[in-house]
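# Structure at a glance
Here are the chains, one letter per residue:
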Amino acid sequence: MTKYTVDNSHSHIGFQVKHMMVSKVKGSFESYTAEVEAADLADLTTAKISFAIDVASINTKSEDRDNHLKSPDFFDTENYGEIKFQSTSITGSGSDYEVTGDLTIKGVTKPVTFDVTYNGKGTNPWGVEVYGFEGETKLNREDFGLTWNAALETGGVLVGKDIKIDVEFELNPQA
């Protein structure tokens, strides 16, 4: 088994949620770590995958909104500073996989499945092989204790329940 780490300068963890029932707010987490251990990354079914996100690194391009998301109304970063994922099973072949694992947000752990695409392998200018993957999943934020909302005068709510999470990782063999 070979260990791989994420190249943060060529990777991304993002999310989007409905805002006021008519548009989407998109954001990302700027600080995270990921580790993959696999016999062969061209066959992701041999892998063990984990990642941890520093929730305080949230960025939605609005400082006021980011501060609200860090508060006890949402993530409560003082008490729950990390979001964690640990794979439990991986199925698929070729370039299409389903990575199922335990996702922990705000102290609540639930199984989620990411639809993952293997984008291939290349060699960087320094002669190191790199592997590219992208994945996405959808979850109900209320299942993880993120229940704050506000009713709108016109009907509906300020923040949607469904969150789309997208992950893009470029992996390098661990030095």
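Here, the structure is the one placed above.
Residues numbered from 1 in each chain as written. Predicted model: local features only at pLDDT ≥ 70, side-chain atom pairs only at ≥ 80, totals over all residues. Heavy atoms only, no water.

## What about the pairing of strand E8 (residues 96–105)?
Here is the rule we go by: At least two bridges found by DSSP between two strands is the condition for calling them paired. Secondary structure follows DSSP: runs of H or I at least 4 residues long count as helices, runs of E at least 2 residues long count as strands, and numbering of each begins at the N terminus.
Here 9 bridges tie strand E7 (residues 82–93) to E8, and the two strands are oriented antiparallel to one another. Residue pairing for E8: Ser-87 is matched across the bridge by Gly-101. Hairpin connection between E7 and E8: a loop of 2 residues separates the two successive antiparallel strands, and Gly-94 in this loop has a positive phi of roughly 65°. Both E8 and strand E9 (residues 108–123) contribute to a ladder of 10 bridges, which runs antiparallel. Pairing of Thr-100 across the sheet is with Thr-113, part of E9. Hairpin connection from E8 to E9: 2 residues lie between these consecutive antiparallel strands, with Lys-106 at a positive phi of about 55°.

## Regarding unusual backbone geometry
The backbone of Lys-61 shows a phi angle near 70°, a positive value even though the residue is not glycine. Turning to its location among the elements, Lys-61 is positioned in the loop between strand E6 (58–59) and helix H1 (63–70). Not every positive phi belongs to a glycine, and Asp-76 is a case in point at roughly 50°. Along the chain, Asp-76 falls in the loop between H1 and E7.

## Digging into the pattern of salt bridges
Heads up, the rule is: Only one rule defines a salt bridge in this text: a Lys or Arg side-chain nitrogen within 4 Å of an Asp or Glu carboxyl oxygen.
The final tally for this structure, using the stated rule, is 4 salt bridges. Between Glu-129 and Lys-121 there is a salt bridge whose closest N-O contact spans 3.5 Å. Across the pair Lys-161 and Glu-142 runs a salt bridge, and its minimum N-O distance is 3.5 Å. In this pair, Lys-161 is assigned in strand E11 (residues 159–173) and Glu-142 in the loop between strand E10 (129–140) and E11, connecting sequence segments 19 residues apart.

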